[in-house]
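# Summary of structural features
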Amino acid sequence: MTLQLTAALRRSFLMVAALAAAAVLAVGFTSPASAYGGGANHDMWQVGMSFNCNNPSLCGTDLGGFWGWVEFDRSADGTQTWGDAQAAFCFHTVGGGGAGGGHTSIEIESWTIAPGSAGPQTFFASGEETDTSHGIKNTFDFSNQDTGISAVPGHYSTSDVFGFSAPGVAAQIQVSFRPAK
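Because the structure is predicted, anything quoted here is derived from the model rather than measured.

Parameters and conventions
- Residues numbered from 1 in each chain as written.
- Predicted model: local features only at pLDDT ≥ 70, side-chain atom pairs only at ≥ 80, totals over all residues.
- Heavy atoms only, no water.
- Disulfide = S-S within 2.5 Å.
- Phe/Tyr/Trp six-rings, centres within 6.5 Å; stacked < 30°, edge-to-face > 60°.
- Helix = DSSP H or I, 4+ residues; strand = E, 2+ residues; numbered from the N terminus.
- Buried < 20%, exposed > 50% of the residue type's maximum accessible area, 1.4 Å probe, protein only.
- Polar contact = N/O pair within 3.5 Å; in protein donor to acceptor, adjacent residues only side chain to side chain.
- Pairing = 2+ DSSP bridges.
- Axes fitted to C-alpha atoms, helices over the stretch in contact; angles between N-to-C directions.
- Patch = residues over 30% accessible without salt bridge, like charges linked within 9 Å, V, L, I, M, F, W, Y side chains within 5 Å.
- Areas by Shrake-Rupley, 256 points an atom, 1.4 Å probe, with all protein chains shown as cover.
- Salt bridge = Lys/Arg side-chain N within 4 Å of Asp/Glu carboxyl O.
- Lys, Arg positive; Asp, Glu negative; His and termini not counted.
- Charge placed at Lys NZ, Arg CZ, Asp CG, Glu CD.
- 1 Å grid on protein atoms, 1.4 Å probe; cavity = no way out; pocket = protein on both sides within 12 Å on 5 of 7 lines; lining within 4 Å.
- Points joined across faces, edges and corners; volume = space filled by probe spheres on them.
- Nonpolar A, V, L, I, M, F, W, Y, C, P; charged D, E, K, R; others polar.
- Core = buried A, V, L, I, M, F, W, Y, C linked by side-chain atoms within 4.5 Å.
- Contact = heavy atoms within 4.5 Å.

Here, disulfide denotes a covalent bond that connects the sulfur atoms of two cysteines. Summed over all chains, the structure comprises one disulfide. One disulfide in the model links C53 with C59; its S-S distance is 1.6 Å. Of note, the bridge from C53 to C59 carries an S-S torsion of about 95 degrees and is right-handed in sense.

As C-alpha cells, then:
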C-alpha cells in the first residue's frame, strides 16, 4: 500500500513539475501584450459604469440595468479626439412579457468637454451607436450628445449621479485618467 501511495505521489509531483515547466516555456515564447488604448502617447480616460433599477415606483416599466466601459482618447497636442464604448443591458417587465437583454457598441468619432449633466466638465460625444437585442440590430449616428459622464477622475455613486438614493436603484461610475507621456 505504501509503495502504491509513493508511486502515485511521485507521478503527481512529476505531472505538476512538467506543467510548471511548460508554463514557464510558454511565457518565455509569447510576446508581451500591450494594454488596450494604444499606448501612452495620448491622453486617455477610462470609465467603468453600472446602472440598475428594480424599483417600479421610480423607474416605471423601465426595470433592469446596463453595465459597461467607455474610453475617451485625445492626442497629446489636444487636436484630435476619439474613443469607444461597450455595454451590456437587460430589462425586466412587471407582470411578464417583453424582457430580454442586449449589447451596445459605440464608436466615438469626436468629443468635447463642456458644462452638462455631469457638472462643469462633462463629456459630449459624436459618433455611431449600434444596439443589438432580440436578434435586431439598430445602428444610428449621434452628434454632440451629453454622455452624463464627468471628465473629473473619481468614483461616483447613486447619490452623486442622480442626486438621491433609493431602494432598488444603484449607479456606480469610476473615471480614471492617464495623461500622455
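Inspection of every chain in the model, using the stated rule, returns ten aromatic pairs. On the numbers, 5.8 Å between centres and 75 degrees between planes, the contact of F72 with W111 is edge-to-face. Placement of the pair is F72 in strand 2 (residues 63–75) and W111 in strand 4 (residues 100–116), with a sequence separation of 39 residues. In terms of burial, F72 and W111 fall into one category: buried. Ring geometry for F89 and F91: centres 6.3 Å apart, planes at 20 degrees, overall stacked. For F91, a relative accessible area of 26% translates into the label partly exposed. Grouped by ring-pair contacts, the aromatic residues W45, F72, W111, F123 and F177 constitute a single cluster.

This brings us to the side chain of D43. On the secondary structure map, D43 appears in strand 1 (residues 42–53). In terms of polar contacts, D43 uses its side chain to reach the backbone amide nitrogen of A180, at 2.8 Å.

Attention shifts here to the sheet that holds strand 1. As a general point, the strands of a sheet are linked pairwise by backbone hydrogen bonds and lie either parallel or antiparallel. The antiparallel open sheet is built from eight strands, whose spatial order is 6-5-4-3-2-1-8-7. Looking along the sheet, the strands with just one partner apiece sit at the ends: strand 6 (136–150) and strand 7 (154–157). Each strand of the sheet is rotated relative to its neighbour by a mean of 15 degrees, with strand direction disregarded.

Taken together, E107, E109, E128 and D141 make up a surface patch of like negative charges. Structurally, the position occupied by E109 is in strand 4.

Further remarks concern the pairing of strand 3 (residues 81–92). Strand residues, when the strand is regular, have side chains that alternate between the two faces of the sheet. Examined bridge by bridge, strand 2 and strand 3 share twelve bridges and lie antiparallel to one another. Across the sheet, residue G64 finds its bridge partner in strand 3, namely F91. The hairpin turn running from strand 2 into strand 3, its antiparallel successor, is five residues long, and G78 in that turn takes a positive phi close to 80 degrees. Direction of pairing for strand 3 relative to strand 4: antiparallel, over a ladder of nine bridges. The residue of strand 4 that forms the bridge with G83 is I108.

So, about the layout of surface pockets. One number sums up the size of the largest pocket: a volume of about 710 Å³. Those elements giving two or more residues to the lining of the largest pocket turn out to be strand 1, helix 2 (56–59), strand 2, strand 3, strand 4, strand 5 (119–133), strand 6 and strand 8 (169–178). Grouping the amino acids of the lining of the largest pocket by side-chain chemistry returns 24 nonpolar, eight polar and four charged.

Attention now goes to the nonpolar core. Judged by nonpolar contacts, the single largest core of 19 residues is most densely connected at V47, V70, F72 and I149. Counting residues per element, this core draws most heavily on strand 1, which supplies four residues. In contact with V47, not counting residues within four places along its chain, are G68, W69, V70, F72, I149, I173, Q174 and V175.

So, to be careful, I would describe these as geometric facts and stop short of saying anything about function.
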